[in-house]
Structures are given as C-alpha cells and as structure tokens.
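Examining the three-dimensional arrangement
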Amino acid sequence: MAVKNFGQGTRCRPSRRHIGTLVSLLSVAGCGLHQSALNPAGRDATSISTLFWVMLAGAVVLWLLVNGAFFYMSRVRPGQFDQRYARHILIGGGIVLPVVVLTTLLVWGLSILPDPRRPGDGLVVRITGEQWWWRVEYWPEGAEDPILSANELRLPAGERTEIRLTSARVIHSFWVPALGGKMDMFPGRETMISLAPEKPGSYRGQCAEFCGASHAWMAFSAVVMDPGAFDTWLAAEAADATPPQDEAAVRGADLFLSEGCGACHTIRGTDAAGLVGPDLTHVGSRQTIGAGRLPATLDDIRLWLDHTEALKPEVKMPTYDLSPTELDDLAQYLEGLK
Amino acid sequence: MAERQPTRDEDKREFAEEQASLFRITLAPLVWAIHFVVCYGLVAVTCAKEWDIVAVRTGLLIFSACALAGIGWVGFAAWKQWNVAETGDFVNRGGRAEDRHHFLGHAAFLLSVISVVGVVFVSLPLIMIGGCQ
C-alpha cells in the first residue's frame, strides 16, 4: 500500500540538474519552513538563529583569513619572514584573536542561555513523551485540574509559556525548531523549557531523541494563536465532546465503544475513559492524527484506522478488522469530534 | 674532534637540577583543573540538592579570584625564570643548563597564560548566570 508522507501541503520540487549543490540545498531547506530553526517565530528561536548567522559569517571570515594567509605565505611571498614580524603574527593571530573571539562568543552565549529557563507568564503545559505520541496537559494559572489533550501544542503569542516535560518509558526530546531549543524528556524526572512565541502560525515539532521503531513518526503541530483566540480555544478544549449528529457518526460512536476503543482512549462526555492512548475528545479539531503522522481529514482518519501498524511500526494500537462501512462510520465520528 | 661522551648519571643530575622547575610547570594547569572540577561539581550538587546557590556562587567567585592570583604568582615566577626581557632569547635553543632553565620558565609562563584563560572561561557562567536556570 502507499503510505502518505506527513505534511500540510508542502512538497519539494526536484531541483534542475544544472543548479549547483548549494542552491539545491537551499531550496530543500526552503520546503521545511514550518520546521526550521532558520525561520524563527519566537524570541528564543530568534536568538538561536542570530547566533547561527553571526557564527557562520565569523567562520567564513576566519576561513578566508587563514587560507588567505596560507596562500600569501606559500604562493605570493614565499621565503623567510622577519622573526619579529612572524612572532607578532603568531601571537596576534594564534593567541590574542582566538581568545578575544571566543570570549566574546562565550559572553554572548551565556547572556542568552538563561532565557529558555525563565519562568512563564502564567500558563503551564505538561507534556509526557509516550511511544510514540505526546500526552499534553494545559494548566492555566490557578487551575486545580488540567485540560487534557494530545499530539498538538497550542500557545498564546506574545507570552512566555512554561513547558514541563517528562517521559513514560524511554528518553525522548521535545523540539519545535521554529520556536526554540530542544529539551530532553526522561522517565521519572521533570525537565523544563519555556517558549515565547511571537508569530501566530502552525509549526512542526519533532521528537529529537531516538526512542524506538516509530521515532521518526513522533511529531506534533505547535499552533501559535493570538491570546484572545487561544483563550477561546482553551475553553472549547476543556469542554466535553459534542455528541454525534448524523446517523453515520452515531453508528461510529457505538462502534467506538463496542470495539473496545474506550479501553485505551478517553472521549470526555462518553463512557470511553482509557488512558493508554491519546485523548480523543477533540481529535477532529487537531491538525494531524497519529502524532503528526497524517493530516486530520476524513480520508486520512479512515486510512489510519485501516492501516495503523503499517503507518506507525510497533504502535500499540492494533489494526481493526472492520468492514468498509464500519470504517467510514468510525472515521465520520472521530472527524466530527471538534 | 672526538664527540663528548656522557658522564655517568649525567641525565639524572641534569634532571635533578630542574626538578623544581618541572614541578612548577604543572602548577598553573593543576590549579585550573582543580578550579574546573570544584566549580562544576559544586554547582551541580548545589542545584540538585537545592542548597543556597547565592552563597555557593559567592564562595566560588572568591575561590576563582584566589585561583587567578595563584596562577598569576606562578606565571610571574616563570616570567622571571624565562628572563626574556634581559636575554632577548625567545626560544632558548642552546643546550646549556641555563638554556634549559630559561626554557622551562618559558613553558611554565605560557601554561600560566592558558590557565588564566581557562579559569576566566569557567568563572564567566558564575558571573553571568545567577542561579540554577
């Protein structure tokens, strides 16, 4: 069967033969703008990006200087140099310059290092790495119980949000390149990173630590919203699932319970209260399913239900032996859980 | 002219003459290494055990100043031993005992310079990063 690539409509066109390697690489990089540290959408990612460009420019200048000196001394003016002159070059270029450059970079690096560990402005999001998906809990300021979600992170723009990370079984790593640096997630231990997104939009996050067979398929959407829109979304996310309206979806809801899906998944407002797999209360409102594996469209939800193991090797969820009509009904129900 | 034959235990005697210099050459890097281990170890334990980071940080900054002073003292002694200002000899290529003496001073001086840089680099996070972030 054909397995679709994850994506949100972005595809790379093959580069023309006569275009050089550098241009090809740049065009490939351009295809992944929603998952690029070079396309920053937050304060922390901007610091990293600026640091990268300055260091790249500095490295190019140093490379030119060193190779220019080699060229000058071996081709343009070979022969012996005055000892005093050579000594100045060695001490200046070999000791003083590296010390000054490295000290400057160290001071700069240290000045931005504490930013991703600063406390947030109120909202705390706890994320637990599972194999191979993300359990997400929103803790607004003063909340006693979390708002449960999965496989998608939504953040208000212009605010710093504390992300508290842990893992259920193996080491994972949380990384949204467009928003900031990465942070490891360990079983039995909590780590913290805070993100200050600025540009509303959808960005791709990815597990950055090999964690098993489907590590590459452990992704998520990080959606940055205007604060007002975020509050509205969070209130909707806290609510129970809307009961299905049309007949197919009602049949799908019955099927969900009769097939035992509720033993692993929670759909708040129904009898499904399983905690093994992702919370599906509002799965239809997410941008992707299967932790970034496929877009959350009706066709893709059906494809996921029909070929789960092929789409995500070694996943705990089995592929159910359902008839085409039953698959349609179940997909209709899940897609309607907005 | 016949080549000079080494006398009995010549190496041993020459080595003994510079024993103190050879010991001194290791001092600055040793201070740097101790400073590195103490700073990283103590800050890691302090943050893990949630001890008073402000007190530890202040103590480590004083310790860093002492380490720099110690390396400075070793470097000054090494500079005098090198004696380049008087002799004008930077490389000490000669094979005499005096040349070896100057060369070891030269090496100890350069190691002191790199040790100062090392201690300053290790101390910078203490100055720039306040706590356990």
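Model, not experiment: these values are computed from the prediction. (Residues numbered from 1 in each chain as written. Chains lettered and ligands numbered in written order. Predicted model: local features only at pLDDT ≥ 70, side-chain atom pairs only at ≥ 80, totals over all residues.)

Looking at the nonpolar core
Residues and elements named next belong to chain A. Test applied: Take the buried Ala, Val, Leu, Ile, Met, Phe, Trp, Tyr and Cys residues, join any whose C-beta atoms are within 7 Å, and the set you get is a nonpolar core. Three exposure classes are used, all based on how many other C-beta atoms lie within 10 Å of a residue's own C-beta (placed from the backbone): buried at 20 or more, exposed at 12 or fewer, and partly exposed between those limits. For the purpose of contact definition, each residue receives a C-beta atom placed from its backbone, and two residues are in contact when these atoms lie within 7 Å.
Counting 35 residues, the largest nonpolar core has Phe174, Leu179, Met218, Ala222 and Ala291 as its most contacted members. Apart from the residues lying within four places of it in its own chain, the contact partners of Leu179 are Ala41, Gly42, Asp44, Ala45, Leu195, Pro197, Tyr203 and Ala222. Among the nonpolar cores identified, the runner-up in size contains 22 residues, and Leu280, Leu294, Leu305 and Ala331 belong to it.

Here's the deal with the interface of chain B and chain A
Our working rule: We call Asp, Glu, Lys and Arg charged. Ala, Val, Leu, Ile, Met, Phe, Trp, Tyr, Cys and Pro are nonpolar, and the rest, Gly among them, are polar.
Tallying the contact residues gives 7 residues for chain B and 8 residues for chain A. Partitioned by chemical class, the residues of the side of chain B that touches chain A number 6 nonpolar, 1 polar and no charged.

Notes on the sheet that holds strand 3 (residues 147-150) of chain A
All names here are of chain A. Rule in force here: Two strands are said to pair when DSSP picks up at least two bridges between them. The way it works is that DSSP assigns letters per residue, a run of H or I at least four long becomes a helix, a run of E at least two long becomes a strand, and they are numbered from the N terminus. Interaxial angle, 0 to 180 degrees, is taken between N-to-C directions of lines fitted to C-alpha atoms, where a helix line uses only the stretch in contact.
A sheet is described by the order of its strands in space; here 5 strands give the open sequence 3-2-1-5-8, paired in mixed fashion. Edge strands, defined here as strands with exactly one partner in the open sheet, are strand 3 and strand 8 (191-195). The sheet shows a mean angle of 25° between the axes of neighbouring strands, direction not considered. In the sheet, strand 1 (residues 124-130) pairs with strand 2 (residues 133-139) via 7 bridges, with the strands oriented antiparallel. Bridge pairing in strand 2 places Thr128 opposite Arg135.

A few points about the sheet that holds strand 7 (residues 182-185) of chain A
Residues and elements named next belong to chain A. Taken in spatial order, the 5 strands line up as 4-10-9-6-7 in an open sheet, and their pairing is mixed. Edge positions in the sheet fall to strand 4 (152-156) and strand 7, since each has one partner strand and no second. Neighbouring strand axes in the sheet, compared pairwise and without regard to direction, differ in orientation by 25° on average. Where strand 4 meets strand 10 (residues 219-225), 5 bridges bridge the pair, whose relative direction is parallel. Its bridge partner being in strand 10, Glu152 is matched across the sheet by Ser221. Lying on the sheet, helix 4 (residues 227-238) is in contact with strand 4 and strand 10; it crosses strand 4 at an angle near 135°.

Section: the pairing of strand 10 of chain A
Residues and elements named next belong to chain A. Most of strand 10 sits inside the fold, with 5 of its 7 residues counted as buried. Of the strand pairs in this sheet, strand 9 (residues 201-207) and strand 10 are connected by 6 bridges, and their pairing is antiparallel. Following the sheet pairing, Arg204 is matched in strand 10 by Ser221.

Digging into the UniProt feature "transmembrane region" (unreviewed entry) in chain B
Residues and elements named next belong to chain B. Heads up, the rule is: UniProt positions are given in the numbering used here, feature names are shortened, and annotations may be inferred rather than shown by experiment.
Summarizing the sequence annotation, UniProt attributes the feature "transmembrane region" (unreviewed entry) to residues 30-48, 60-79 and 103-129 in the numbering used throughout. For the annotated span residues 60-79, helix accounts for 100% and strand for 0% of the residues, and the straight-line distance between the end C-alpha atoms is 28 Å. Regarding residues 103-129, the helix share stands at 96% and the strand share at 0%, and the terminal C-alpha atoms are separated by 40 Å.

As for the packing of helix 6 (residues 298-306) of chain A against helix 8 (residues 324-335) of chain A
Residue and element names in this part refer to chain A. Let me state the cut-off plainly: Here is the rule for angles: anything less than 35 degrees is roughly parallel, anything more than 145 is roughly antiparallel, 65 through 115 is roughly perpendicular, and the remaining ranges are oblique. By definition, any crossing whose near helix is turned counterclockwise from its far helix by less than a right angle is left-handed, and any crossing with a clockwise turn is right-handed.
Packing of helix 6 against helix 8 brings their axes to within 9 Å, and their N-to-C directions diverge by 125°. In terms of axis orientation, helix 6 runs oblique to helix 8. Between helix 6 and helix 8 lies a crossing whose hand is right-handed. Contacts between helix 6 and helix 8 involve Leu298, Ile301, Arg302, Leu305 and Asp306 on the former and, on the latter, Leu327, Asp328, Leu330, Ala331, Gln332, Leu334 and Glu335. Split by residue class, the contact of helix 6 with helix 8 holds 7 nonpolar, 1 polar and 4 charged.

Some remarks on the packing of helix 3 (residues 83-112) of chain A against helix 6 (residues 97-128) of chain B
Packing of helix 3 of chain A against helix 6 of chain B brings their axes to within 10 Å, and their N-to-C directions diverge by 20°. In terms of axis orientation, helix 3 of chain A runs roughly parallel to helix 6 of chain B. Regarding helix 3 of chain A and helix 6 of chain B, the two cross each other, and that crossing is right-handed. Between helix 3 of chain A, through Val99, Leu106, Val107, Leu110 and Ser111 of chain A, and helix 6 of chain B, the contact on the second element is made entirely by Val117, Phe121, Leu124, Pro125 and Met128 of chain B. Residue composition of the contact of helix 3 of chain A with helix 6 of chain B, by class: 9 nonpolar, 1 polar and no charged.

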